[in-house]
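Tertiary structure, described
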Amino acid sequence: MLRNPDEAEDTVQETFVRLYRALPRYEERQRFESWLFHILGNCCRTANKSTRRHDVKRVDDEGVLEQFPAPDTPATRFENEWGDAVRRALAEIPEYNREIFLLHYIEGFSYDEIARMTGVKQSALKMRVKRASDALRSRLAGRGQSHD
């Protein structure tokens, strides 16, 4: 969600601080993961707003990858390129669609749970996931053609 590892670490720490402070208000009938992701989502949105006002520090992925030995096989290169392509494609998707897509497909939350976390109606959530999926599919198909 944040695209910057340092900012992500700071946001996770901020999330746990807020979570700890909010524990007295936690209701056990509520799924803990949904409650946690609601707080995390708020922290990410706050961090993204802050980041837009400042220059974002870019990390040289190639430099980091070179520090770790890995077998240099065609399959390994393909996996690394594909993972990078997916991350870049996800980064190009508007934040409001990307967040819902990640909550649904990566974190496995139901639309009902996401609606409670975000306050967005289920019909809008489904449309955001569809738009994110379509955009991701389109971007990845475009990148895949250049490697064939």
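Everything below is about the structure printed above this text.
This write-up is about the structure you can find in this document. Computed from a prediction, not measured in an experiment: that's the story for all the values here. (Residues numbered from 1 in each chain as written. Predicted model: local features only at pLDDT ≥ 70, side-chain atom pairs only at ≥ 80, totals over all residues. Heavy atoms only, no water.)

1. Some details on the overall build of the protein chain
Counting secondary structure elements, the protein chain contains seven helices and zero strands. Ordering the α and β elements of the protein chain from the N terminus gives α-α-α-α-α-α-α. Across the 148 residues that make up the protein chain, the buried fraction comes to 32%. The long-range share in the protein chain, meaning contacts at least 24 apart out of those at least 6 apart in sequence, stands at 66%. When the accessible surface of the protein chain is split by element, carbon and sulfur atoms take 53% of a total near 10400 Å². (Helix = DSSP H or I, 4+ residues; strand = E, 2+ residues; numbered from the N terminus. Buried < 20%, exposed > 50% of the residue type's maximum accessible area, 1.4 Å probe, protein only. Contact = heavy atoms within 4.5 Å. Areas by Shrake-Rupley, 256 points an atom, 1.4 Å probe, with all protein chains shown as cover.)

2. Thoughts on a nonpolar patch on the surface
Judged by side-chain polarity, Tyr20, Leu23 and Phe32 come together as a nonpolar surface patch covering roughly 330 Å² of accessible area. Looking at the secondary structure, you find Phe32 in helix 2 (residues 32-52). (Patch = residues over 30% accessible without salt bridge, like charges linked within 9 Å, V, L, I, M, F, W, Y side chains within 5 Å. Salt bridge = Lys/Arg side-chain N within 4 Å of Asp/Glu carboxyl O.)

3. Description of the nonpolar core
If you look at the biggest cluster of nonpolar residues, it comprises eleven residues: Phe37, Ile100, Leu103, Phe109, Tyr111, Ile114, Ala115, Met117, Val120, Leu125 and Val129. Elements supplying a minimum of two residues to this core: helix 5 (95-106), helix 6 (111-118) and helix 7 (122-147). Per element, the largest residue contribution to this core is four residues, and it comes from helix 6. Every residue in contact with Ile100, bar those within four places of it in the chain, is listed here: Ile114, Thr118, Leu125, Arg128 and Val129. Grouped together as the second largest cluster of nonpolar side chains are ten residues, Ala85, Leu90, Leu102 and Leu136 included. (Core = buried A, V, L, I, M, F, W, Y, C linked by side-chain atoms within 4.5 Å.)

4. Points about the state of the cysteines
Inspection of the entire model under this criterion finds zero disulfides. The thiol of Cys43 is not disulfide-bonded; the next cysteine sulfur, from Cys44, is found 7.1 Å away. Given the relative accessible area of 9%, Cys44 is considered buried. (Disulfide = S-S within 2.5 Å.)

5. Examining the pattern of salt bridges
Per the counting criterion, the structure on display carries seven salt bridges. The shortest N-O distance in the salt bridge between Arg139 and Glu92 comes to 2.7 Å. Of this pair, Arg139 sits in helix 7 while Glu92 sits in helix 4 (residues 74-92), placing them 47 residues apart in sequence. For Arg137, the salt bridge is made with Asp134, and the minimal N-O distance between the two is 3.1 Å. Of this pair, Arg137 and Asp134 both sit in helix 7, three residues apart, which is roughly one turn of that helix. A cluster of three or more residues bridged by salt bridges with shared partners is formed by Arg31, Glu33 and Glu113.

Interpretation note: all reported values are geometric properties and have no functional meaning in isolation.
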